[in-house]
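Breakdown of the fold
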Amino acid sequence: MPTPLPTDLSRARADFPILARSVGRGEGKPLVYLDNAATTQKPLAVIETVDRFYRHENANIHRGVHYLSMHATDAYDRARERVARAIGAGDPAEVVFTRGATEAINLVASSFAGDRFQPGDEIVLTVMEHHANIVPWQLLAGRRGLVLKWAPVTDSGEIDPDAFRRCFSPRTRLAAFTQVSNALGTVNPVDEMVRIAREHGAHVLIDGAQGVPHGQIEVARLGADFYTFSGHKVCGPDGIGVLWGRRELLDAMPPYQGGGDMIERVSIDGTTFRRSPERFEAGTPNISGAIGLGAAFDYLDGLGWDAIRRHEHELLCEATARLQEIDGLRVLGPSQPGSKVAVISFTMDSAHPHDIGTILDTEGVAIRAGHHCAQPLMQHFGIAGTARASFAFYNNRDDIDRLVAGLTKVKKFFG
Ligand code: PMP
């Protein structure tokens, strides 16, 4: 048994049934799951909540007068309140349920920016964005004649606030940037970035897909106009995510999609719409997903965010030190663990990232290899991709040992 880290959260590990399985051929190898930036595993509390919903509570919401429908409606509304509390939103009506971060960003691009921005207006993005926070703006820019300005990253994969500031002009209408880089783990100075955008009179969208899993969020305090994230990266179900927006902005935005539940009144002459959040939730939403997301926040709150942060930080420090001992292995991103979350993106002199991923897989170690949906960032570093080990609070020292042993095998194989 390896010695546990001082901040051990091993009791949490037992809450995740999948972590007890083996993977691979034959009897396989016990799973070491280090692909948490792509999606986290789900605790029993979430699995059982979704299971209970379908076994005992399933009905469509809002339209029914029968017991189950009212019960399901109540559970869905409570999930919204729960999520609002979890992210520090003052008003549950500011929490719009979406399919995920991607849909939330597309909603803002379409309904907020698409409706207001004029040809020649500018949007500031950063080179480290996930494609989900690039492509919607490129599509919109193509349709509306907008100009995209790209804040560069430094050699250590960080945003230089001065360089960010230089991207703004009197034509800047919006800055959209990630709180935490999915590819490098960099924690961006979002307070300062919001301040810079505000000084230039620009609106702000923060992509929180990689921020929410690593610490408690206070959206109201961040000072942005919009904040987006996905449930599946924070121990919740997939197919559910959140757009948080300022109420006055949401209520002034036209609907994103039309359909049932988002209307006040429909006649053959036209339709009037409800306010946020219903205005943006046309059709039957992901009811069990929203309820499961509420359960995920209950679970994480129960563990305690301080404990989660401390444990992940220990994992990051120890894993970084161990990986840096491997000859020819280069870690990309900030050198100080204080400015990043527990994501380690690396290359090896002799092995392609996909080879690293494949050999680790034969050892039962799941990491991700490739461009991580951040091709502009990879282009900035002049590489096709990296290998990325991303940790969650349920990882432990044994996982680090197994990662290091796997990488030693890669070294032996490729020299
Ligand atoms: N932004 C960031 C920073 C991400 O890491 C991801 C997912 N990898 C997304 C947006 C998109 O999230 P989803 O695919 O869940 O919509």
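Residues numbered from 1 in each chain as written. Predicted model: local features only at pLDDT ≥ 70, side-chain atom pairs only at ≥ 80, totals over all residues. Heavy atoms only, no water.

**Describing the domain arrangement of the protein chain**
Per the domain assignment, the segments of the protein chain are domain 1 (7-42 + 304-414) and domain 2 (47-301). Just the C-alpha atoms count here: the centres of domain 1 and domain 2 sit 28 Å apart. Facing the 36 residues of domain 1 at the interface are 35 residues of domain 2. Note on domain 1 versus domain 2: buried area summed over both sides is about 3,000 Å², and carbon and sulfur give 60% of it. Area buried by domain 1 at its contact with domain 2 is led by Lys42, Trp305 and Leu377, which between them contribute 24% of it. Applying the counting criterion to the domain 1 and domain 2 interface returns zero salt bridges. Across the contact surface, domain 1 and domain 2 share 23 residue pairs in polar contact (both at pLDDT 80 or more). Elements that contribute at least two residues to the side of domain 1 that touches domain 2 include exactly helix H11 (305-324), strand E14 (343-348) and helix H13 (375-381). When its residues are assigned to classes, the side of domain 1 that touches domain 2 shows 19 nonpolar, 11 polar and six charged. (Domains from an automatic or database assignment. Contact = heavy atoms within 4.5 Å. Buried area = accessible area lost by both parts, 1.4 Å probe. Salt bridge = Lys/Arg side-chain N within 4 Å of Asp/Glu carboxyl O. Polar contact = N/O pair within 3.5 Å; in protein donor to acceptor, adjacent residues only side chain to side chain. Helix = DSSP H or I, 4+ residues; strand = E, 2+ residues; numbered from the N terminus. Nonpolar A, V, L, I, M, F, W, Y, C, P; charged D, E, K, R; others polar.)

**Quick word on the packing of helix H10 (residues 287-303) against H11**
To characterise two packed helices, one gives the angle between the axes of the helices and the distance between these axes. Across the interface, H10 lies against H11 with an axial gap of 5 Å and an inter-helix angle of 75°. Regarding the angle of H10 to H11, the classification is roughly perpendicular. Contacts between H10 and H11 involve Leu300, Asp301 and Leu303 from the former and Trp305, Ala307 and Ile308 from the latter. (Axes fitted to C-alpha atoms, helices over the stretch in contact; angles between N-to-C directions. Parallel < 35°, antiparallel > 145°, perpendicular 65-115°, else oblique.)

**Remarks on the packing of aromatic side chains**
Any two aromatic rings considered together are summarised by their centre-to-centre distance and by the angle between their planes. Taken as a whole and assessed by the stated rule, the structure comprises 14 aromatic pairs. With a centroid separation of 5.3 Å and 70° between ring planes, the pair formed by Phe53 and Tyr54 is classed as edge-to-face. Residue classification places Phe53 among the buried residues on the basis of a relative accessible area of 1%. Look at Phe229 and Phe297: their rings are 6.2 Å apart centre to centre, the planes differ by 80°, and that puts the pair in the edge-to-face class. Of this pair, Phe229 sits in strand E9 (residues 226-230) while Phe297 is found in helix H10, placing the two residues 68 residues apart along the sequence. Given a relative accessible area of 0%, Phe229 falls into the buried group. Judged by its relative accessible area of 2%, Phe297 falls in the buried class. By the ring-pair criterion, three or more aromatic residues cluster together here, those being Phe16, Tyr299, Phe393 and Tyr394. (Phe/Tyr/Trp six-rings, centres within 6.5 Å; stacked < 30°, edge-to-face > 60°. Buried < 20%, exposed > 50% of the residue type's maximum accessible area, 1.4 Å probe, protein only.)

**Let's talk about empty space enclosed by the protein**
As enumerated under the stated definition, the model contains three cavities of 30 Å³ or more in all. Looking at the largest cavity, its volume works out to about 110 Å³. As for the largest cavity, its lining consists of 15 residues, and the residues nearest its centre are Thr40, Pro213, Lys233, Glu312 and Ala392. Class assignment of the residues belonging to the lining of the largest cavity gives a composition of 10 nonpolar, three polar and two charged. For the lining of the largest cavity, the domains that each give at least three residues are domain 1 (7-42 + 304-414) and domain 2 (47-301). Size it by volume and the second largest cavity reaches roughly 40 Å³. (1 Å grid on protein atoms, 1.4 Å probe; cavity = no way out; pocket = protein on both sides within 12 Å on 5 of 7 lines; lining within 4 Å. Points joined across faces, edges and corners; volume = space filled by probe spheres on them.)

**Some thoughts on the layout of surface pockets**
What the largest pocket holds in volume is close to 460 Å³. For the largest pocket, the lining is made up of 21 residues, of which Val187, His214, Gly215, Arg309 and Val341 are closest to its centre. Going through the elements one at a time, helix H7 (190-199), helix H8 (219-222) and H11 are the ones with two or more residues in the lining of the largest pocket. Of all the elements, H11 adds the most residues to the lining of the largest pocket, at four residues. The class makeup of the residues in the lining of the largest pocket is eight nonpolar, seven polar and six charged. Counting contributing residues per domain, the lining of the largest pocket is built from domain 1 (7-42 + 304-414) and domain 2 (47-301), each supplying no fewer than three.

**Things to note about the site of the ligand**
By nearness alone, every residue bordering the ligand is listed as Ala101, Thr102, His130, Ala132, Thr178, Asn182, Asp207, Ala209, Gln210, Ser230, His232 and Lys233. His130 places a polar side-chain atom, nitrogen or oxygen, 3.1 Å from a nitrogen atom of the ligand. Residue Asp207 places a side-chain N or O atom 2.5 Å away from a nitrogen atom belonging to the ligand. For the ligand, the protein covers 84% of the area, taking 400 Å² as the surface of the free molecule. When the residues that make up the shell around the ligand are grouped by side-chain class, the tally is three nonpolar, seven polar and two charged. (Near = heavy atom within 4 Å. Areas by Shrake-Rupley, 256 points an atom, 1.4 Å probe, with all protein chains shown as cover.)

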